[in-house]
Amino acid sequence: MTILEDRPSNPAAGDHDRPIGHGRMQRKEDPRFVRGKGHYVDDIVLPGMLHGAILRAPVAHARLVSIDTTEALAHPKVLAVITGTDLQALGLAWAPTLSMDVQAVLVTDKVRFQGQEVAFVVAEDRYAARDALELIQVEYDVLPPVVDARKAMDADAPVIRDDLEGRTDNHIFDWEAGNKAETDAVFASADVVVTQEIVYPRVHPAPMETCGAVADFDPIDGRLTLYETTQAPHAHRTLFAMVSGIPEHKIRVVSPDIGGGFGNKVGIYPGYILAVVGSIVTGKPVKWVEDRSENLMSTSFARDYIMQGEIAATRDGKILALRTNVLADHGAFNATAQPTKYPAGFFHIFTGSYDLQAAHCTVTGVYTNKAPGGVAYACSFRVTEAVYLVERMVDILARKLEMDPAELRLKNFIKPEQFPYPNKTGWEYDSGDYEPTMRLSMKMAGYDELRREQKEKRERGELMGIGISFFTETVGAGPRKDMDILGLGMADGAELRIHPTGKAVVRISVQSQGQGHETTFAQIVAEEIGIPPEDIDVVHGDTDQTPFGLGTYGSRSTPVSGAAVALVARKVREKARFIAAAMLETRPEDLEWEKGRWFVKGDPSIGKTMAEIAMGAHGTVALPEGIDGNLDAEVTYDPPNLTFPFGAYICVVDVDPGTGHVKVRRFIAVDDCGTRINPMIIEGQIHGGLTDGVGMALMEFIEFDAEGNCLGGSFMDYLIPTAMEVPDWETGFTVTPSPHHPIGAKGVGESATVGSPPAVVNAVVDALAPFGVVHMDMPCTPARVWEAMQGRTRPPV
Amino acid sequence: MQIPAPFDYVRASSVDNALALLDRHGAESRVVAGGHSLLPMMKLRLARPDWLIDINDLFELDYLLIDGQTLRIGAMTRHTTLLESDDVQRLFPIITDAERVIADPIVRNRGTIGGSLCQADPAEDLSTVCHVLEAVAVVRGPAGERMLSMADFHRGPYETAVAQNELLIEVRVPIRAGSSSAYEKVERRVGDWAVAAAGASVTLDSAGAISQVAVGLTAVGLEQNVTEVEAVLVGQTPTEELFTEAGRLASLACDPLADQRGPIDYKRHLADELTRRVLRAACRRAAASASEITI
Ligand SMILES: Cc1cc2nc3c(=O)[nH]c(=O)nc-3n(C[C@H](O)[C@H](O)[C@H](O)COP(=O)(O)OP(=O)(O)OC[C@H]3O[C@@H](n4cnc5c(N)ncnc54)[C@H](O)[C@@H]3O)c2cc1C
């Protein structure tokens, strides 16, 4: 692995492994994980706890004729069987989704996707609960399903959402961004226009830990404690209060250690609600944890975008405009999670890293008889789809113009002096300096040498491909004026307390699912106030313990909560100045800061460390007017803009001409996420995301048959990559800080997942150039690659 | 957690004890070896035995030994043991080739050759390997032992000649001078079942001509060997043209189904491509081992 040495961001710290602030250090949370001492939802055992299991629909579309639960209720270990009818009586049969739609908690009228929740059994143990599912008799009247999104709007398509008043079709929304007339005009006069249908197939985040909950409703004081696999504990608490009628102050949501989220754990699934209902009905805590097939078949999938892409350029390779029409398959309920204003998420950043004259996109969302979801899998609210579209289109254009794809990109980048850059669809890119990043990736790859090697290999009939992707992300949602989820503004709180002995606790509103918050956020505080990260406890994931905020997804933790934490630390630092002044019997303005200490200007020997100041704050020193006796502070941070991380990825593949098998030989990833807090954690995030990208490009796919049966319901069928499919990652970086973020950090959690799939596909398509292949859709499985070589590329859906 | 239907469990202490238990618990009892086929099916409730008879204590069935001109493999021999054996690599590189691409280390540490052959999954690799090597299966039941050729043992997808009250005890593989073998598989990902695979064994005579050959295919709807290739190859000195012809015959002989792993014509193409590759490798290896012996 090649890692370019980081500039030590904290030379004063001396010890490279233990920076007092930013820098490479091991994760504070790792000792418990590597020793198997993590504590996940499924590890929670409460006295008297019962177990729930969900009966799921075996078909995709069917009227529910009858449910008979007699036999299941007669099972000696079963305490309750809950059906849609029972929920209807409680007003809980339907729950709001995060996209202003409703979703059935349990089927009352009609099954709308295979795997949908039909009944919930509560039993003394998990085995009995599962066994009892087989004792429930259900009669279905099977209906024709809508499986192909392209046919969802046909006049004769069955109407899936007949539960909604006045529904006569499967249309959800039309949305557009950019200027159509301007864009059409540029296209009309362009030298070169290329068009391509590009499908980003349905994939699934497949976190290692499936979804689950333990609900503990105390009937005496009406308090609900809900342990949940959630990426957004505070938002969930509010929504539970709104839906269930339990007052918000009586609800505590705890998100303990989470085994991966990737957006899979943002929404509120029927299982969570059912665990709560089960606990209310039985008066005992109820645990529900889904199995792998349930996770793959029923929880939030990702993508499923059919995109008609068009790119216009001059003959000498100046890209002029982009336009696209997208058909978005949202499944049976519109349950995507994104800021309310943006039903297609941030897809309209599809203009990418290029300086265009015009751009326009339309997105049409439709219902199909498939599981709901769509915004997940580290997608930065659909930036994955956007980057994939533009980076494929640019490659297709390069082929048409017979230009090197690196050269075409370099020629069209937004220039550093153009930042902050307003793009044609309403974004303002905060900062960027693309060319050095691109050049660094080419240097690390030995780009020219690779092209020479490819040429030689082609002459021998060997298939080698080089793929480039240059992405710009938009993350850190978001400014309250533009961004909310169900009316909750996307700001984040943080609280910092310095204890009398100078140790600290920082309470954050976001929740880690593996991103290393306990380390990164301690480092941000450490950098600001000079207390070592080891002495700073990071508390997260418990609504009773932390300030309100919207949660971890869309790479927003560092851009939003990271800013909140930096600001709260600065607030404490400023307060410390006043207390130090009182202690030193001088004026605050006569003090100067060095990391960890306020000292008298001109006389560094006289000063107070943060620990001394903390003791002073809680001690007996007479405090100045307006300064109370602690060293605590809190803030809520409303980001002024999003942040725009970017990166240059180069992938090298070898394709076996006899079998179509793709081997990723090398992958070079140069990321610019602004200020780097902990480079080791950044690399970890990049490695994971690149692996995701290789998975999506080569194998991952949730497929359905004509009846709407999900063919990706186990890891036998839904393939995710292993260490054997990925090369040694070669990572590098540039640093272009965000001008509006307090420490210049931009967020990195999803960059690699967003940026890598087009690099891999571009490489595969490049390898297949001798066969005249201009485009092939993911997944590039051996069979699909071979078909492409036969001139028979076909969309996966 | 995926939860199987309720079942009872008993550990067998010897082969005779296992046979007695099978007899006692009857039709709804199954032995479990490595459990890597049976347990997943139970968790999906596709298999629902009332009784599980665990034969993992039958260490007497876990062996690899060369007995004259035969390699004897106990039914409880784990994939890992086969993969790591130098004797196997030297005598039957097809087994090593196949084991390298069967599942992953976790599965290989537990999964057994007996379980693999008895499961007879159409995408299972060792059945093809045993067909190609003309192995003999030793099956024991209440009436004593039977020796079955692979053609008799392996009846089709998920179907073998082993009766409910019998156990596969041993696999015997004949050792032939001047012979070598190879296996190659195309998979969508490491650890995935085959899209298609092929195995070949060849024996070269002192003049370098093919005196014996067997080609088998995996996951393409052909349970027995591609017998058509024998007439074309036997007596001939190996050449690319012959391999091409053998590949063509293999692609005609198979009968694949379209599924998520690929369409029919792709699988036929793989039968052809992989047949050529394994014949090439087997001949190269046989020639190399012949030259080593003469040195
Ligand atoms: C993730 C995964 C990937 C895999 N990939 C591959 C692959 O690529 N290629 C491949 O070939 N295999 C693959 N396998 C299957 C693996 O090789 C299994 O171990 C093997 O098929 C069965 O062996 P076992 O000992 O686990 O059998 P078990 O699961 O214990 O038993 C299988 C069946 O055989 C019966 N049985 C077992 N032993 C005997 C005996 N001695 N006499 C009579 N009946 C017996 C059992 O009753 C049962 O019906 C994979 C398995 C998994 C879980």
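Reading guide: rules and limits
- Residues numbered from 1 in each chain as written.
- Chains lettered and ligands numbered in written order.
- Predicted model: local features only at pLDDT ≥ 70, side-chain atom pairs only at ≥ 80, totals over all residues.
- Heavy atoms only, no water.
- Helix = DSSP H or I, 4+ residues; strand = E, 2+ residues; numbered from the N terminus.
- Buried < 20%, exposed > 50% of the residue type's maximum accessible area, 1.4 Å probe, protein only.
- Contact = heavy atoms within 4.5 Å.
- Areas by Shrake-Rupley, 256 points an atom, 1.4 Å probe, with all protein chains shown as cover.
- Lys, Arg positive; Asp, Glu negative; His and termini not counted.
- Charge placed at Lys NZ, Arg CZ, Asp CG, Glu CD.
- Near = heavy atom within 4 Å.
- Polar contact = N/O pair within 3.5 Å; in protein donor to acceptor, adjacent residues only side chain to side chain.
- Nonpolar A, V, L, I, M, F, W, Y, C, P; charged D, E, K, R; others polar.
- Buried area = accessible area lost by both parts, 1.4 Å probe.
- Salt bridge = Lys/Arg side-chain N within 4 Å of Asp/Glu carboxyl O.
- Disulfide = S-S within 2.5 Å.
- Domains from an automatic or database assignment.
- Core = buried A, V, L, I, M, F, W, Y, C linked by side-chain atoms within 4.5 Å.
- Right-handed = clockwise from strand over helix to strand, strands pointing away.
- Pairing = 2+ DSSP bridges.
- Axes fitted to C-alpha atoms, helices over the stretch in contact; angles between N-to-C directions.
- Parallel < 35°, antiparallel > 145°, perpendicular 65-115°, else oblique.
- Left-handed = near helix turned anticlockwise from the far one by under 90°.
- Phe/Tyr/Trp six-rings, centres within 6.5 Å; stacked < 30°, edge-to-face > 60°.
- Expected span 1.5 Å × (residues − 1).

## Considerations on the overall build of chain B
Alright, step 1. Each helix and strand in chain B was counted, giving 12 helices and 13 strands.
Alright, step 2. Within chain B, the fraction of its 295 residues that count as buried is 56%.
Alright, step 3. Of the contacts made within chain B by residues no fewer than 6 positions apart, 63% connect residues no fewer than 24 positions apart.
Alright, step 4. Carbon and sulfur atoms make up 52% of the accessible area of chain B, which totals about 12,200 Å².
Alright, step 5. Positive and negative charge centroids in chain B, built from 29 and 41 side chains respectively, lie 4 Å apart.

## Looking at the site of the ligand
All names here are of chain B.
Alright, step 1. Lining the immediate environment of the ligand, one finds 31 residues, of which Val 31, Ala 33, Thr 112, Asp 125 and Lys 185 sit closest.
Alright, step 2. Side-chain polar atom of Thr 112 to an oxygen atom of the ligand: 2.6 Å apart, as the coordinates give it.
Alright, step 3. Protein contacts shield 92% of the accessible area of the ligand, which totals 970 Å² for the unbound molecule.
Alright, step 4. Residue contributions to the shell around the ligand peak at 5 residues, all from helix α7 (residues 113-119).
Alright, step 5. In the shell around the ligand, the residues fall into 14 nonpolar, 12 polar and 5 charged.

## Description of the interface of chain A and chain B
Alright, step 1. The interface of chain A with chain B comprises 28 residues on the first partner and 27 residues on the second.
Alright, step 2. Both faces considered, chain A and chain B share a buried interface measuring about 2,500 Å² in area, 54% of it formed by carbon and sulfur atoms.
Alright, step 3. For the pair chain A and chain B, the number of links is 5 salt bridges.
Alright, step 4. Asp656(A) serves as the salt-bridge partner of Arg277(B), at 2.6 Å between the closest nitrogen and oxygen.
Alright, step 5. Inspection of the region where chain A meets chain B yields 14 residue pairs in polar contact (both at pLDDT 80 or more).

## A look at the state of the cysteines
Alright, step 1. Evaluation of the coordinates by the stated rule reveals 0 disulfides over all chains.
Alright, step 2. No disulfide involves Cys379(A); its nearest neighbouring cysteine sulfur is the one of Cys361(A), lying 15 Å away.
Alright, step 3. With relative accessibility at 2%, the residue Cys379(A) sits in the buried group.
Alright, step 4. We note that Cys118(B) lacks a disulfide partner, and the nearest cysteine sulfur, in Cys130(B), lies 11 Å from it.
Alright, step 5. In this structure Cys118(B) comes out as partly exposed when scored by relative accessible area, which is 31%.

## Quick notes on the pattern of salt bridges
Any two side chains of opposite charge can pair, so long as their charged atoms come close to each other.
Residue and element names in this part refer to chain B.
Alright, step 1. Under the counting rule described, the total for this entry stands at 84 salt bridges over all chains.
Alright, step 2. Between Glu 134 and Arg 176 there is a salt bridge, with its nearest N and O atoms 2.5 Å apart. Of this pair, Glu 134 sits in the loop between α8 (125-132) and β6 (136-141) while Arg 176 sits in the loop between β10 (167-174) and β11 (179-186), and the two are 42 residues apart along the sequence.
Alright, step 3. Classification of Glu 134 as partly exposed rests on a relative accessible area of 34%.
Alright, step 4. Classification of Arg 176 as partly exposed rests on a relative accessible area of 28%.
Alright, step 5. Between Arg 277 and Glu 273 there is a salt bridge, with the nearest N and O atoms lying 2.8 Å from each other. Placement of the pair is Arg 277 and Glu 273 together in helix α12 (residues 264-294), with a separation of 4 residues, close to one helical turn. Neither residue differs from the other here; Arg 277 and Glu 273 are each classed as buried.

## So, the domain arrangement of chain A
Residue and element names in this part refer to chain A.
Alright, step 1. Here chain A is described as being made up of domain 1 (15-38 + 491-637) and domain 2 (417-482 + 642-797).
Alright, step 2. With centres defined by C-alpha atoms, the gap from domain 1 to domain 2 works out at 37 Å.
Alright, step 3. Taken together, the contacts link 28 residues of domain 1 with 25 residues of domain 2.
Alright, step 4. Together domain 1 and domain 2 conceal approximately 1,900 Å² of surface at their shared face, both sides included; 60% is due to carbon and sulfur atoms.
Alright, step 5. On the domain 1 side of the interface with domain 2, the three residues burying the most area are Arg 24, Ser 555 and Pro 559, jointly 29% of the side's total.
Alright, step 6. Inspection of the domain 1/domain 2 interface yields 1 salt bridge.
Alright, step 7. A salt bridge links Glu 683 to Arg 24, with the nearest nitrogen and oxygen atoms 3.0 Å apart.
Alright, step 8. Taken together, the connections running from domain 1 to domain 2 amount to 11 residue pairs in polar contact (both at pLDDT 80 or more).
Alright, step 9. When contributions to the side of domain 1 that touches domain 2 are tallied by element, the ones reaching two or more residues are α13 (517-529) and α14 (557-584).
Alright, step 10. The element contributing the most residues to the side of domain 1 that touches domain 2 is α14, with 8 residues.

## Structural notes on the nonpolar core
Residues and elements named next belong to chain A.
Alright, step 1. One finds Phe 347 and Leu 768 to be the most contacted residues of the largest nonpolar core, which totals 146 residues.
Alright, step 2. Excluding residues within four positions of it along the chain, Leu 768 makes contact with Leu 463, Val 655, Val 773, Met 776, Val 785, Ala 788 and Met 789.
Alright, step 3. In this structure, Ala 494, Ala 526, Val 565 and Ala 569 belong to the second largest nonpolar core, which totals 44 residues.

## Some details on the pairing of strand β33 (residues 729-733) of chain A
Residues and elements named next belong to chain A.
Alright, step 1. Most of β33 sits out of view: 5 of its 5 residues are buried.
Alright, step 2. Side chains of β33 alternate between two faces, with Trp 729, Thr 731 and Phe 733 and Glu 730 and Gly 732 buried alike.
Alright, step 3. Of the crossover connections in this fold, the one passing from strand β32 (residues 662-672) over helix α16 (residues 679-698) to the parallel β33 is right-handed.

## Side note on unusual backbone geometry
Residues and elements named next belong to chain A.
Alright, step 1. A cis geometry characterises the amide bond from Phe 419 onward to Pro 420, with omega recorded as -5°.
Alright, step 2. The linkage connecting Met 778 with the following residue, Pro 779, adopts the cis geometry, with an omega of -10°.
Alright, step 3. The backbone of Phe 262 sits at a positive phi, close to 55°, despite the residue not being glycine.
Alright, step 4. With phi around 50°, Ser 555 is a residue other than glycine that occupies positive phi space.

## Concerning the sheet that holds strand β8 (residues 137-142) of chain A
Residue and element names in this part refer to chain A.
Alright, step 1. Ordered in space as β6-β2-β8, the 3 strands form an open sheet in which the pairing is antiparallel. For this open sheet the edge positions go to β6 (110-111) and β8, each flanked by a neighbour on one side alone.
Alright, step 2. In this structure, strand β2 (residues 62-68) lies alongside β8, joined through 6 bridges in antiparallel fashion. Among the inter-strand pairings, Ile 67 is bridged to a residue of β8, identified as Val 138.

## Re the packing of helix α9 (residues 383-401) of chain A against helix α17 (residues 751-767) of chain A
Residue and element names in this part refer to chain A.
Alright, step 1. Across the interface, α9 lies against α17 with an axial gap of 8 Å and an inter-helix angle of 30°. The angle between α9 and α17 falls in the class roughly parallel. Between α9 and α17 lies a crossing whose hand is right-handed. Contacts between α9 and α17 involve Val 383, Thr 384, Val 387, Tyr 388, Glu 391, Arg 392, Asp 395 and Arg 399 on the former and, on the latter, Thr 753, Val 754, Gly 755, Pro 757, Pro 758, Val 761, Asn 762, Val 765 and Asp 766.

## Remarks on the packing of aromatic side chains
Residue and element names in this part refer to chain A.
Alright, step 1. Using the criterion set out here, one finds 29 aromatic pairs over all chains in the structure.
Alright, step 2. The interplanar angle of 80° and the centroid separation of 6.4 Å between the aromatic rings of Phe 113 and Phe 333 together place this pair among those described as edge-to-face. Of the two residues, Phe 113 sits in the loop between β6 and β7 (117-123) while Phe 333 sits in the loop between β16 (319-329) and β17 (358-366), which places them 220 residues apart along the sequence.
Alright, step 3. Phe 113 sits in the buried class, given a relative accessible area of 1%.
Alright, step 4. Seen in terms of ring centroids, Tyr 342 and Phe 346 are 5.7 Å apart; in terms of plane orientation they differ by 85°. Their pairing is edge-to-face.

## Some points on α14(A)
Residues and elements named next belong to chain A.
Alright, step 1. The first and last C-alpha atoms of α14 sit 38 Å apart over 28 residues, in line with the 40 Å expected at 1.5 Å per residue.
Alright, step 2. Within α14, 22 of the 28 residues are buried, leaving the element largely enclosed by the surrounding structure.
Alright, step 3. Residue Glu 585 follows α14 closely and has a positive phi angle near 55°.

## Thoughts on the side chain of Ser127(B)
Residue and element names in this part refer to chain B.
Alright, step 1. As for its placement among the helices and strands, Ser 127 is situated in helix α8.
Alright, step 2. Polar contacts involving the side chain of Ser 127 include one to the side chain of Glu 124, which spans 2.5 Å.
Alright, step 3. The contacts of Ser 127, once residues within four sequence positions are left out, are Ser 116, Leu 117, Ala 120, Met 150 and His 154.

## Notes on the packing of α13(A) against α14(A)
Residues and elements named next belong to chain A.
Alright, step 1. Interaxial distance between α13 and α14 falls to 9 Å at its minimum, and their mutual angle equals 35°. Crossing geometry of α13 relative to α14 is assigned as right-handed. Touching His 517, Thr 520, Phe 521, Ile 524, Val 525, Glu 528 and Ile 529 of α13 are Ser 557, Thr 558, Ser 561, Gly 562, Val 565, Ala 566, Ala 569, Arg 570 and Arg 573, all from α14.
Alright, step 2. Counted by class, the contact of α13 with α14 contains 7 nonpolar, 6 polar and 3 charged residues.

## Digging into the environment of Arg90(B)
Alright, step 1. Summarising the element assignment, Arg90(B) is placed in helix α4 (residues 86-91).
Alright, step 2. In this structure, the C-alpha to C-alpha distance between Arg90(B) and Ser180(B), residues 90 residues apart in sequence, is 8.7 Å.

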